[in-house]
Amino acid sequence: MCQKKSEHIIDYINRKTLKDPKAEYWRLYTKRAVKDKVDKTIFKCKSCNNVWGIVSKYIHIKKYIYYPKEVMPSIGKKEKMCPVCRGLE
Ligand SMILES: [Zn+2]
């Protein structure tokens, strides 16, 4: 698969999780490229302490995903109750 659109955070996590040789490159690249975007769409739930984010429906049917803590540090993320803790699930 070849995708020339800007790398999505999900792809970034997949790359890192799969220990792709390019993971380090993407880590550095996305660190700068998506930081502003990420800070606006990723939150830390003060109830369950998970880091979660709003995603497009084509990424995940529920429109949100939870990020593994080792991939997405919770430091600096805004606190916002996740959909599960808000009783939306
Ligand atoms: Zn929660």
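Before reading on, note that the structure itself is shown above.
Residues numbered from 1 in each chain as written. Predicted model: local features only at pLDDT ≥ 70, side-chain atom pairs only at ≥ 80, totals over all residues.

## Thoughts on the overall build of the protein chain
For step 1, the next point in the chain: Of regular secondary structure, the protein chain possesses 3 helices and 4 strands.
For step 2, the next point in the chain: The buried share among the 89 residues of the protein chain stands at 15%.
For step 3, the next point in the chain: In the protein chain, once contacts between residues fewer than 6 apart in sequence are set aside, the share between residues at least 24 apart is 44%. (Helix = DSSP H or I, 4+ residues; strand = E, 2+ residues; numbered from the N terminus. Buried ≥ 20, exposed ≤ 12 C-beta atoms within 10 Å, placed from the backbone. Contact = placed C-beta atoms within 7 Å.)

## Quick notes on the environment of Tyr12
For step 1, the next point in the chain: Relative to the helices and strands, Tyr12 is located in helix 1 (residues 9-17).
For step 2, the next point in the chain: Taking the C-alpha atoms as reference points, Tyr12 and Val71, 59 residues apart in sequence, are found 9.7 Å from one another.

## Brief notes about the sheet that holds strand 1 (residues 42-44)
For step 1, the next point in the chain: Pairing in this open sheet of 4 strands is mixed, and the strands run 3-2-1-4 from one edge to the other. Either end of the sheet is taken by a strand with one partner, and the two such strands are strand 3 (64-67) and strand 4 (78-79).
For step 2, the next point in the chain: Note: strand 1 against strand 4, 2 bridges, orientation parallel. Pairing of Lys44 across the sheet is with Glu79, part of strand 4. (Pairing = 2+ DSSP bridges.)

## Observations regarding the nonpolar core
For step 1, the next point in the chain: Judged by nonpolar contacts, Ile42, Phe43, Cys45, Val51, Trp52, Tyr67, Met72 and Cys82 together constitute the single largest core of 8 residues.
For step 2, the next point in the chain: Those elements that place two or more of their residues in this core are strand 1 and strand 2 (51-54).
For step 3, the next point in the chain: Ile42 has contacts with Val51, Gly53, Tyr67, Met72 and Lys77, leaving out every residue within four places of it along the chain. (Core = buried A, V, L, I, M, F, W, Y, C linked by C-beta atoms within 7 Å.)

## Considerations on the pairing of strand 2
For step 1, the next point in the chain: Bridge count for strand 1 against strand 2 is 3 bridges, and the pairing is antiparallel. Residue Ile42 lies in a different strand from strand 2, and its bridge partner there is Gly53.
For step 2, the next point in the chain: In sequence, strand 1 turns back onto strand 2 through a hairpin of 6 residues, with Asn49 there showing a positive phi of about 70°.
For step 3, the next point in the chain: Strand direction decides the pairing type here: strand 2 and strand 3, joined by 4 bridges, are antiparallel. Looking across to strand 3, one finds that Val51 is bridged to Tyr67.

## Points about the environment of Glu79
For step 1, the next point in the chain: Position of Glu79 among the secondary structure elements: in strand 4.
For step 2, the next point in the chain: Classification of Glu79 by C-beta neighbours within 10 Å gives exposed; the count is 10.
For step 3, the next point in the chain: Residues within four places of Glu79 in sequence aside, it is in contact with Phe43, Lys44 and Lys46.

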